[in-house]
Amino acid sequence: MRNNCLSPRRALIGITAVMLCALGFFAAGSQWSSIASPPPASAEIEAVALQARWGQSPQAQWQLRQWAEAGQAVAQRELATLMASADDTRSEALMWYVRAASNQDAEAAYQAGEIYRAPIHPEQRDWAKARQYYLQAAQAGHGYAALALGRMIKNGEGGPADAETGVMWFRRAAERGNAQAKFLLANAYASGEGVAKDMDKYYQLLEESAEQHFPPAMHELALLAEQRSVTHGAHAESASHLFKEAEEERRNRWQQIR
Amino acid sequence: MLRYKTRTRTTLLVTTLAAALPLLNGCGSSGGIAEGTTVQLALLETTDLHSNVLGYNYYSLSADTTVGMDRTATLITSARSENPNNVLLDDGDVIQGTLLGDYQAVASPVPCSDTLAVHKAMNALKFDGGGMGNHEFNYGLTFLSQVTNRDFGITSVPKPNGCGSPTFPLVLTNVSGVASQKPIFDPYKIITKTFSAVAPGGSTVQVPIKIGIMSFVPPQIMSWDAKNLTGLVSVDGPVESAKKYVPEIRSNGADLVVALSHGGLDASAYSPNMENAGLYLSQTGIDALLLGHAHLIFPQAKETGGPAIDPSIKALPASQVDYVNGFVNGVPAVMAQSWGRRLGIIKMTLKYQGGKWVVQKDKTTTEARGFKYTDGKTNVAADPTFAPLVAKEHDATIAYAQQPLGATTDFEMSAFFALVGDVSAIQIVNQAQIDYVKTYIAKALPAKAGIPVISCSAPFKAGRNGPTDFTDVTPSATSSNPASLQVRNPGDLYLYSNNNVQAVQIKGADLKNWLETSAKQFAQIDPTSTAEQDLVPSYATIYNYDVFYAENNALTYQIDVTQPIGSRIVHLMYAGAAVDPNADFIVATNDYRAGGGGNFPGIDGSKTIIKSPDANQTVVSNYLRSIKVVTRAGNDTPSWSFAKVTTAGPVILRSQSGKLAVAQALGLARVTAEGAQDASGYAKYAIDLSK
């Protein structure tokens, strides 16, 4: 099922081939080397990472590793994501996420937190480290990290259960536009958990989350619309349209709940 | 990376030379077009049609006049008569979205010799060009290749040979074959149309206008359709792809460059991974931007009483997005909602100056025209020539919905008494979910194979929407006369077609909390009260009444309704022993519940161990097909009951009138009599909680 392009042997062959190509290219006079030209922008690294991952391009993989070894935080993070997608390189992924996180990459810190919170091998679980990395990323504005930290705190994982602080982190993530956090925050307002009950805020957050196609929010909004005409917010769509929309999105959004 | 930079330099050189050539001609006419000639034209957009060919709901088997290309056709006809110079383009998400789409792709795949119904409709409407959307990949590359009659250059995808397909050009700019490293569709196309222009003297001249089109899909297709695409195709960021081709399209003579962005507007910092890259595509040197994917209306609806602009669009920076007039960074843009409900119209005026057509920006207008555009109230009529085009496919889809599923049942599966211990309509769903999750774990999560798998599901249709809103499948089935289930029936057993299967891993303590939360649906019954007490005072959130089940009823529990919320679950047992708060369980459920729907303690996305692209409805359907025979004998012992209590006064359950016999057939002794109806038409059934 999985393509073996990331196995060490193939990587080595790939690297050798690319180095020969690269030598030829340098000879042609192109100013392509990462040493000579200005550091690549984040978007440029991500574009190469797309090629490395989906295009399975050995050149792109090699380039990504070059930038990562040279200390480029975004490249370190993208390389980690590449490593994480294959069984034989997954253990290296955490190492690269940690390096990128130490270089202030918020996404990498979040991913490190994810691995420490719920690793594939349960004995590697470390909730203290998970909270630490989530906090780093959340403080840098990472919505999902704030959500994940909020859940750990609310659920009492790695510390006493504290609904108020947990919901505070949901709000931080929601303010950053995170649809899933908006849904959990909406729940909190509806139940008065960790925050004073406020049904207006519940409806508003639910609508926003549904607009961003968060599946549980789309479902709940459709359920509510079935029972009453939804008068909150800028539009009132019929329940049948909301369910129809949710059904279409089902195929795409199946991984969207983190 | 290497090749990109080299190509850019080479392209720049070629473009400069090409651009210089016309200037060498000097000012004046070129190919006979007089300086100052003007042409007015309209770009028309449909997007996210999602196989809504006719306005029809294949689940309820009834017309839906709020959607459908049969009405879009009417909008197109009027827009064309208003704008004789027009170009009709589609922005993708065409082939998937209704039972018709699924029927033609999966249940009864359209053969090469035939054309997909939605493409037949688009061919009849004489589209000029089309792009792709993310949903085009839902049915796999082989199917897409066949229905577009396009050789993708991928070894494992057979080359189509003269298959029925759109008769207009299709493009896709940012998806390439991994092995070929070439775009799987034409990355762009230049469409030449002959339009009536006005020469400076006022006379009419026919002029060729070349419109270059590109199309971009969200890079997320690699995740959403990973199974279909990994290792076969790759995506590039939309902006990177646009920048690669815009100079080439111009140098090849395009007068206008139009981006078919199957993505909306997002003002976050650009990333090639961005789902909605429209804002940044507007800055790649294009003349018009067609948007889609987000199913929104842009610009703001113009009809009387039309909806206000969507808050997510309103929140975009005003310096970049003018949602009243329809401009994104100065480029005219439209998003025509979805399902054929709207037609995007970008009217432009071009003036021939210095040997080329120059867009007169102050004369550009945009509109997202809806079915009620004339007066805000009157729905346009459907085009009567439309339905006959796809009558065969439409009828076949209806017949399919009513076809036998390939399974029989010997008992009535209903939800009339689901809240007093009947599991006839729920247990089969739980069994299907357990079967699915156990299979998944065996294949993909072997480390978890030792953890017990249980399941929960709710009576979604149990009085929520009125006194006759109850699941009732095969009411006449008996053991001597089993009933055949139809393809639609899984939709009666599992109501929501938008839920995906998910599984969570929890502790026994979480299970108890989950059950306590479910048990909130009941009123607290005072056994000493002589007044009538309604066991379930509201059905508004009955979809949160999760009923749990384990194979062979290994999980059992009782609900003591005399206790306050939070203390009602008693005798919670698994495999003959009290459930250990620290024991592990895997619970099969749906994405709504697993993701936090219903606010069950700790069930907020953090416990999920399985996310599946398979709908719960499909899982039920497949399970029924695999077991073929459903018997009451296999389903008549409920996993739960009430803690027995004798009450001083009557306790009632509201349900549909005339169903006492159903309770009796189920052996539900606690349902003792049917009483009078209440003001809303529910019958009040007497419940004896001591039974």
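Definitions and limits used
- Residues numbered from 1 in each chain as written.
- Chains lettered and ligands numbered in written order.
- Predicted model: local features only at pLDDT ≥ 70, side-chain atom pairs only at ≥ 80, totals over all residues.
- Heavy atoms only, no water.
- Salt bridge = Lys/Arg side-chain N within 4 Å of Asp/Glu carboxyl O.
- Helix = DSSP H or I, 4+ residues; strand = E, 2+ residues; numbered from the N terminus.
- Buried < 20%, exposed > 50% of the residue type's maximum accessible area, 1.4 Å probe, protein only.
- Pairing = 2+ DSSP bridges.
- Domains from an automatic or database assignment.
- pLDDT = per-residue confidence, 0-100.
- Contact = heavy atoms within 4.5 Å.

**Student:** Just to check I follow, could you spell out the pattern of salt bridges for this structure?
**Tutor:** Opposite charge on two side chains permits them to pair, given that their charged atoms come into close proximity. This structure, assessed with the given rule, holds 32 salt bridges over all chains. Its salt-bridge partner being Arg-77 of chain A, residue Asp-105 of chain A comes within 3.0 Å of it at the nearest N-O pair. You can see Asp-105 of chain A sitting in the loop between helix H5 (90–102) and helix H6 (106–117) and its partner Arg-77 of chain A sitting in helix H4 (residues 73–84), a full 28 residues away along the chain. For the pair Asp-105 of chain A and Arg-77 of chain A, one class covers both residues: buried. Two residues, Arg-593 of chain B and Asp-546 of chain B, come together in a salt bridge whose shortest N-O distance is 2.6 Å. Placement of the pair is Arg-593 of chain B in helix H15 (residues 591–594) and Asp-546 of chain B in the loop between strand E25 (533–534) and strand E26 (547–550), with a sequence separation of 47 residues.

**Student:** It is not clear to me how unusual backbone geometry should be interpreted in this structure. Could you clarify?
**Tutor:** For residues that are not glycine, phi is negative in most cases, and the peptide bond is trans in most cases. Following Phe-298 of chain B, the chain continues to Pro-299 of chain B via a peptide bond in cis, the omega torsion being 0 degrees. Along the polypeptide, Pro-299 of chain B turns up in the loop between strand E12 (297–298) and helix H10 (311–314). For Gln-56 of chain A, which is not glycine, the phi dihedral falls at a positive 50 degrees. Counting through the fold element by element, Gln-56 of chain A comes out in the loop between helix H2 (42–53) and helix H3 (58–69). Phi at Gln-104 of chain A takes a positive value of approximately 70 degrees, unusual for a residue other than glycine. On the basis of relative accessible area, Gln-104 of chain A is assigned to the exposed category, the value being 60%.

**Student:** What should I look at first to understand the sheet that holds strand E35 (residues 671–677) of chain B in this one?
**Tutor:** Either a parallel or an antiparallel arrangement is found when strands of a sheet pair, and the pairing is made through backbone hydrogen bonds. In space, the four strands of this open sheet follow the order E25-E34-E36-E35 (chain B), with mixed pairing throughout. The open sheet has two free edges, formed respectively by E25 and E35 of chain B, since each of these has just one partner strand.

**Student:** Teacher, can you tell me more about the domain arrangement of chain B here?
**Tutor:** In terms of domain boundaries, chain B breaks down into domain 1 (28–397) and domain 2 (403–640). Computed from C-alpha atoms alone, the centre-to-centre distance between domain 1 of chain B and domain 2 of chain B is 43 Å.

**Student:** Help me understand the confidence of the model for chain A in this model?
**Tutor:** Residues and elements named next belong to chain A. When the pLDDT values of chain A are averaged, the result is 86; 82% of them are 70 or greater. The model gives residues 1–5 a pLDDT under 50, and that stretch makes nine contacts with residues more than four places away or in other chains. Note that residues 24–35 has pLDDT below 50 and, in this model, 14 contacts with residues that lie over four places away or in other chains.

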